[in-house]
Amino acid sequence: MAADPTTGGGEAESFFRAAPPLRDQDRVAGDLADFVARHSGNGGGGRLAGVVCVTSGGTTVPLEQRCVRYIDNFSSGQRGAASTEYFLKAGYAVIFIYRRGSKQPYCRFLPEDSFLDLFELGEESDIQVPESHAAVVKTAIRNYRKAIDEGLLLKLPFTTIFEYLQLLQMVGTAMNCLGRQGMFYLAAAVSDFYVPWESMAKHKIESASGPLNMQLNQVPKMLFILRKQWAPSAFCVSFKLETDPDILLQKAEAALRKYGMNVVVANELANYKDVVVMVTSNGRTTVRRPSKEDDVEEQLIDLLVEMHSEHIMQLNQDVHKL
Ligand code: 9Z3
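Predicted model, so just to flag it, every value in this text is computed and none were measured.

Chemist: How would you summarise the sheet that holds strand 1 (residues 50–56) if you had to cite specific residues and measurements?
Modeler: Strand order in the open sheet formed by eight strands is 7-4-1-8-11-12-13-14, with mixed pairing between adjacent strands. The sheet is open, and its two edges are formed by strand 7 (153–158) and strand 14 (283–288), each paired on a single side. Ignoring which end each strand starts from, the neighbouring axes of this sheet average 15° apart. Bridge count for strand 8 (residues 182–186) against strand 11 (residues 235–242) is four bridges, and the pairing is parallel. Looking at the pairing, Y185 lines up with V237 of strand 11. The strands that helix 2 (residues 25–39) touches are strand 1, strand 4 (92–99) and strand 7; relative to strand 7, the one it contacts most, it runs at about 150°. The sheet strands contacting helix 7 (residues 245–259) are strand 11, strand 12 (263–268) and strand 13 (275–280), and the helix crosses strand 11 at an angle near 155°.

Take a look at the structure:
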């Protein structure tokens, strides 16, 4: 039987074959097709700059099919949420693939622990926003509603590594028709190891039988398949997170070459909110956040938007040469 070109063959194909099917798969496919059709033509000199898929938050690796325990990856979703806001501001349509419960665009400044502090009951038992929070709530509602009402933001949630990679595959193949106008900005923290669905315990693992020994398989390298098969003309930005600064840049450079990324953004756990290094085939660019009140993502997105428009223009030049 011929390999399915959307699954990449080999390990990736068996990953997708064994994964539990995505809930709402048909609805997601329909929403995606509509969104991409509505925005195809972006970046070709029209009003919009392009379409970007932003991934955000950490994937979980379930240890049981009826999951009680799971392994998680570090990520609050702050980077993905902030970056989505800056992409929308720059005129992009955004497909936001996010971990359920992680940070959301335009909600980053709302209180998390004391959500009810945002509201108070008025004299007629109507709900009001106290003056102290009014400005931040108004801005959040205005910006969020604008993005939704103008059809510029499509949100697709995931929890597990299975859901995440199936969504990435669907978005990758759906965005292929956008060619160079598509961008992938892969900030989600993706597990490198997982338990294959078919070898996973069905029920909660017994603790009475003593210590647990478990072998985790390697997650197939989907960046390579994204690049080679799902959306080969898109502009691809991936992230490399390390805790050891001595290996960070060489790992980022290796990822750039191995997966054919346009940019790998290197960041270190200890200071990832303050500084990132953009690694490209032309060298390295360090981006620092100017102050605690600013986001490092603002300048990062500015630079990426510039590079993406050069990537699009390269196509236009190639077409004119024909
Ligand atoms: C990152 O490195 C992100 O910048 C952070 C953002 C996860 C640090 P927060 O969500 O954190 O703002 O709290 N993401 C990519 C991590 C990753 O899994 N990269 C893979 C790798 O390093 C490649 S896809 O191998």
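Chemist: Explain the packing of helix 5 (residues 161–175) against helix 6 (residues 222–230) residue by residue, including any values.
Modeler: Orientation of helix 5 relative to helix 6, taken along the N-to-C sense of each, is 20°, at an axis distance of 10 Å. On the basis of their axis angle, the class for helix 5 and helix 6 is roughly parallel. The chirality of how helix 5 crosses helix 6 is right-handed. Side by side, helix 5 and helix 6 meet where L165, L168, Q169, G172 and T173 of the first sit next to M222, L226 and W230 of the second. Considered class by class, the residues forming the contact of helix 5 with helix 6 number five nonpolar, three polar and no charged.

Chemist: Quick one: what's the story with the site of the ligand, residue by residue and with numbers?
Modeler: Taken together, 15 residues sit near the ligand, with S76, Q78, R79, F239 and L241 positioned nearest. Counting only elements with at least two residues in the shell around the ligand, the list comes to helix 3 (78–89) and strand 11. The element that contributes the greatest number of residues to the shell around the ligand is strand 11, accounting for four residues.

Chemist: Describe the nonpolar core, and please don't skip the residues or the numbers.
Modeler: Of all hydrophobic cores here, the largest spans 73 residues; its most connected members are V94, I95, I97, V171 and V237. No other element matches helix 5, which puts 10 residues into this core. Once you skip the residues sitting within four places of it in the chain, I97 turns out to touch C53, T55, S56, L156, F158, L167, L168, V171 and A188.

Chemist: Describe the UniProt feature "domain: DNA/pantothenate metabolism flavoprotein C-terminal" (unreviewed entry) in the protein chain, naming the residues involved and giving the relevant values.
Modeler: UniProt's entry tags residues 52–145 and 169–299 with the feature "domain: DNA/pantothenate metabolism flavoprotein C-terminal" (unreviewed entry), counted in the numbering of this structure. Across residues 52–145 one finds 29% helix and 24% strand; the C-alpha atoms that close the span lie 19 Å apart. Strand forms 27% of residues 169–299 and helix 27%; the C-alpha atoms that close the span are 29 Å apart.

Chemist: Give a description of helix 7 that names residues and reports values.
Modeler: Taking 1.5 Å per residue, 15 residues should reach 21 Å; helix 7 reaches 22 Å between its end C-alpha atoms and fits that length. Downstream of helix 7 by one or two residues, G260 has phi in the positive range, about 65°.

Procedures and definitions
- Residues numbered from 1 in each chain as written.
- Predicted model: local features only at pLDDT ≥ 70, side-chain atom pairs only at ≥ 80, totals over all residues.
- Pairing = 2+ DSSP bridges.
- Helix = DSSP H or I, 4+ residues; strand = E, 2+ residues; numbered from the N terminus.
- Axes fitted to C-alpha atoms, helices over the stretch in contact; angles between N-to-C directions.
- Contact = placed C-beta atoms within 7 Å.
- Parallel < 35°, antiparallel > 145°, perpendicular 65-115°, else oblique.
- Left-handed = near helix turned anticlockwise from the far one by under 90°.
- Nonpolar A, V, L, I, M, F, W, Y, C, P; charged D, E, K, R; others polar.
- Near = placed C-beta within 6 Å.
- Core = buried A, V, L, I, M, F, W, Y, C linked by C-beta atoms within 7 Å.
- Buried ≥ 20, exposed ≤ 12 C-beta atoms within 10 Å, placed from the backbone.
- UniProt positions renumbered as here; feature names shortened; annotations may be inferred.
- Expected span 1.5 Å × (residues − 1).

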